[in-house]
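Observations on chain architecture
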Amino acid sequence: LGRMKPVIVVHGGAGRIFKEREEGCRAGVVRAALRGYRVLKQGGSAVDAVEEAVRSMEDDPHFNAGRGSVLNEKGEVEMDAIIMDGKNLDSGAVSAVKCIANPIKLARLVMEKTKHMLLTDHGAHLFAQAMGIPEIPGEKLITERSRERWKKNLEPDSNPEEFQKDLGTVGAVAIDSEGNVACATSTGGLSNKLIGRVGDTACIGSGGYADNHSGATSTTGHGESIMKVVLARLILYHMEQGMSPEVAADTALDYMKTRVGGLGGVIVVNKAGEWAARFSTKQMSWATVKDDNLHYGIYAGEKHTKSVDEALASEREVF
């Protein structure tokens, strides 16, 4: 076996990344991509790799997922996540979950241990307990920055929309040496959202989609807009019509912008192992590893390249 060269692509959210957070976001997506790639190189599945990459970003307070998630109107963290296996179209998702560190792990358990695809809120909480997932106090997920932003958004003259631009949903797509693809996406949602609001992330075909027949994609951006056009599935549809990952991504993002005025970003890998990271927002942190080369960037047109060995050596210095 081992016909395909494994590829992983990750994103840390599309939007506006404030200057003082750039380095942390770059380092975070690079670390996630390297971790996911290590899983693939050791013969792990695409599903294992995307889960590992997303878990790494959930644990990183620079991103709006897991620890560092934004707060809802009541000042609580409510998170959504999805994972999908392109081999048989199995998927698992959770929405509006609280008090767990890694929603992506819970989504995977929904996929593998239940006959269902999506568990929400209290039911997801009961399932997490049954699966022995440790509960952590909600405060543990809240960073100073999320609390500050929440307070600002509560002021009568505030415009939460202004802050929504700095989103930070995280995601990963991969193809393993067997040619199986997978996607994973995780988020804390929109700042100061209504209690119980669920965006695109937990919705199959919107927050992500994976099918060995075409490829895999994970999305980020304005959730309600992404849901209206079913963005992830739309990109795969375009690839099924013969478009390259890059053209498919740009075509779908352009449609979302013209049709519903929504901005976002996507990462894509097709069944041949070709990849893309595209966005209509100002920025999106992304990283990919293919052929033992790491590529990463944040701004449009920005693309740094390093060998994996070089990247791992500098990882060890920094962490």
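Worth saying up front: this structure is predicted, and the values here are computed from it rather than measured.

Turning to the pattern of salt bridges, a few remarks are in order. Using the criterion set out here, one finds 17 salt bridges in the structure. Asp291 is paired through a salt bridge with Lys5; the nearest N and O atoms lie 3.3 Å apart. Of this pair, Asp291 sits in the loop between β11 (283-290) and β12 (293-299) while Lys5 is found in the segment before β1 (7-15), placing the two residues 286 residues apart along the sequence. Where Arg26 meets Glu23, a salt bridge forms, and the shortest distance between an N and an O atom there is 2.8 Å. Here Arg26 and its partner Glu23 are both found in helix α1 (residues 19-41), three residues apart, which amounts to about one turn of the helix. Each of Lys19, Glu22, Glu23, Arg26 and Glu302 takes part in one network of salt bridges that share partners.

In any sheet, the strands associate via hydrogen bonds between backbone groups, in a parallel or an antiparallel arrangement. Taken in spatial order, the four strands line up as β7-β8-β9-β10 in an open sheet, and their pairing is antiparallel. Two strands bound the open sheet, and with one partner strand each, they are β7 (208-211) and β10 (275-279). Adjacent strand axes in the sheet meet at a mean angle of 10° when their direction is disregarded. Alignment of strand β8 (residues 215-221) against strand β9 (residues 264-270), held across seven bridges, turns out to be antiparallel. Residue pairing across strands places Ala216 opposite Val269, the latter belonging to β9. Its contacts with the sheet put helix α8 (residues 231-240) on β7, β8 and β9, and the angle it makes with β8 is roughly 140°.

Moving on to the pairing of β10. The sheet contact formed by β9 and β10 spans five bridges and is antiparallel. Across the sheet, residue Gly265 finds its bridge partner in β10, namely Phe279. From the end of β9 to the start of β10, which pair antiparallel, there are four residues, and Gly273 there has a positive phi angle of about 90°.

We now examine the packing of α8 against helix α9 (residues 245-260). Interhelical geometry of α8 versus α9 gives an angle of 135° and a closest axis separation of 8 Å. Between α8 and α9, the interaxial angle falls into the category oblique. Viewed along their axes, α8 and α9 form a crossing whose handedness is right-handed. Taking contact as the criterion, the partners of Leu231, Leu234, Ile235, His238 and Met239 in α8 are, on α9, Pro245, Ala248, Ala249, Thr251, Ala252, Leu253, Tyr255 and Met256. In terms of residue class, the contact of α8 with α9 is built from eleven nonpolar, two polar and no charged.

Conventions used here
- Residues numbered from 1 in each chain as written.
- Predicted model: local features only at pLDDT ≥ 70, side-chain atom pairs only at ≥ 80, totals over all residues.
- Heavy atoms only, no water.
- Salt bridge = Lys/Arg side-chain N within 4 Å of Asp/Glu carboxyl O.
- Helix = DSSP H or I, 4+ residues; strand = E, 2+ residues; numbered from the N terminus.
- Pairing = 2+ DSSP bridges.
- Axes fitted to C-alpha atoms, helices over the stretch in contact; angles between N-to-C directions.
- Contact = heavy atoms within 4.5 Å.
- Parallel < 35°, antiparallel > 145°, perpendicular 65-115°, else oblique.
- Left-handed = near helix turned anticlockwise from the far one by under 90°.
- Nonpolar A, V, L, I, M, F, W, Y, C, P; charged D, E, K, R; others polar.

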